[in-house]
Amino acid sequence: MREFSLYVITGEQYHPGRSMLEVMEAALAGGADIVQLREKNLPASELLEKARALRELTRRYNVPFIVNDHPDIALAAEADGVHLGQEDMPIAEARERMGADRIIGISTHAIEEARAAERDGADYIGVGPVFPTGTKPGRQAVTTSYVRQVADEIRIPWVAIGGITPDNADQVLAAGASRLCAVSAVVGSSDPASVCRRLKEQIAAARGELVPIKLNGREEQVRAGTLEQLIQSYGLADKRIVAELDGAIVQRNRWESTQVRAGMTLELVHFVGGG
Ligand SMILES: Cc1ncc(COP(=O)(O)OP(=O)(O)O)c(N)n1
Ligand SMILES: Cc1ncsc1CCOP(=O)(O)O
Ligand SMILES: [Mg+2]
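What you see is a predicted model, and the numbers here were worked out from it, not measured in a lab. (Residues numbered from 1 in each chain as written. Chains lettered and ligands numbered in written order. Predicted model: local features only at pLDDT ≥ 70, side-chain atom pairs only at ≥ 80, totals over all residues.)

Draft legend 1. Quick look at the overall build of the chain. Helix and strand content of the chain: 10 helices and 13 strands. The principal-axis extents of the C-alpha atoms in the chain amount to approximately 75 × 40 × 35 Å. Out of the 275 residues in the chain, the part that is buried amounts to 39%. (Helix = DSSP H or I, 4+ residues; strand = E, 2+ residues; numbered from the N terminus. Buried ≥ 20, exposed ≤ 12 C-beta atoms within 10 Å, placed from the backbone.)

In structure tokens form, the structure reads like this:
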């Protein structure tokens with residue numbers, strides 16, 4: 001399947017008064033690069049209607065679209081794939097119905113389930129809930145130690161899910177994740193696009209990706225991360241430096257919380273000598 005890093009799942013209970021499409025479009029604009037429709041209590045006809053609408057939206061953004069739990073609705077809506085739970089039909093049965101080219105994902109909560117999913121031909125696995133979450137009440141958290149086990153052993157794509165927010169994402173990434181999935185942190189936010197941008201920046205930094213910026217008048221590729229890390233990488237952190245980002249000076253105590261963003265213009269002015 002195509003590489004992805006930020007998976008966003010619908011959760012209409014988190015945004016009363018805003019439509020599912022409006023919120024998911026904001027997530028897509030912020031960089032969600034795979035989307036799932038998850039509606040646990042809708043009649044099939046309504047679920048299909050929503051699936052078709054989200055299919056159309058995701059097509060416009062050229063992003064894969066997955067339907068939770070229902071291979072038949074996934075097919076009817078021309079989704080790219082289905083996400084199964086451990087209690088759902090076996091992967092082989094879903095593969096039979098969906099065909100070789102569609103994506104089949106499956107939730108896992110222990111390394112034995114992850115191994116079985118890999119062996120049975122899943123395209124990706126969900127790893128979670130990493131943290132306790134109201135979106136999956138009653139399901140015990142697997143913690144970052146399971147994330148570490150999967151990082152060490154599993155070779156198909158996998159995504160960490162469950163209670164993930166920009167505040168704890170770095171812990172999950174430090175445990176070896178390179179793809180994150182979120183519901184409430186994104187769709188429950190008044191600004192889903194910003195939350196997605198922030199999570200993508202955190203993932204890019206953990207992956208050590210390069211981002212294009214204009215640095216002192218030249219186009220450069222620099223490592224994603226914080227301004228502090230960038231300035232350190234040039235050996236300038238303890239020098240008398242003024243950092244000007246897109247025309248505004250960033251005070252030194254803000255370097256740590258300022259992310260390097262693709263397309264930004266940065267001037268680093270190094271004052272030499274005293275007086
Ligand atoms: C990406 C992803 N990972 C895990 C899940 C959870 O699936 P499941 O265990 O079947 O639980 P429900 O979502 O059906 O309540 C998921 N949907 N997506
Ligand atoms: C569906 C699901 N499966 C494991 S955790 C989870 C819920 C994730 O939602 P949130 O990001 O709000 O914790
Ligand atoms: Mg399910």
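Read on for the rest.
Draft legend 2. Spatial organisation of the sheet that holds strand β9 (residues 210-215). Across the sheet, which stays open at both edges, the five strands sit in the order β10-β9-β13-β11-β12 with mixed pairing between neighbours. Of all strands in the sheet, those bounded by a partner on one side alone are β10 (218-223) and β12 (248-250). With strand direction ignored, the average angle separating the axes of adjacent strands in the sheet is 40°. Both β9 and β10 contribute to a ladder of six bridges, which runs antiparallel. What sits directly across from Pro212, in β10, is Gln221. (Pairing = 2+ DSSP bridges. Axes fitted to C-alpha atoms, helices over the stretch in contact; angles between N-to-C directions.)

Draft legend 3. Local environment of the domain arrangement of the chain. Once the domains are mapped, the chain shows domain 1 (6-207) and domain 2 (210-270). Here the C-alpha centroids of domain 1 and domain 2 sit 33 Å apart. (Domains from an automatic or database assignment.)

Draft legend 4. Seen up close, the UniProt feature "binding site: Mg(2+)" (unreviewed entry) in the chain. In this numbering, the UniProt entry assigns the feature "binding site: Mg(2+)" (unreviewed entry) to Asp69 and Asp88. These residues run over 20 residues, yet every pair of their C-alpha atoms falls within 7.3 Å of each other. You can call Asp69 partly exposed: it has 18 C-beta atoms within 10 Å. Filtering out sequence-adjacent residues up to four positions away, Asp69 remains in contact with Gly85 and Asp88. Mapping Asp88 onto the fold places it in the loop between β4 (81-84) and α4 (91-98). On the basis of neighbour count, Asp88 is assigned to the partly exposed category, with 17 C-beta atoms found within 10 Å. (UniProt positions renumbered as here; feature names shortened; annotations may be inferred. Contact = placed C-beta atoms within 7 Å.)

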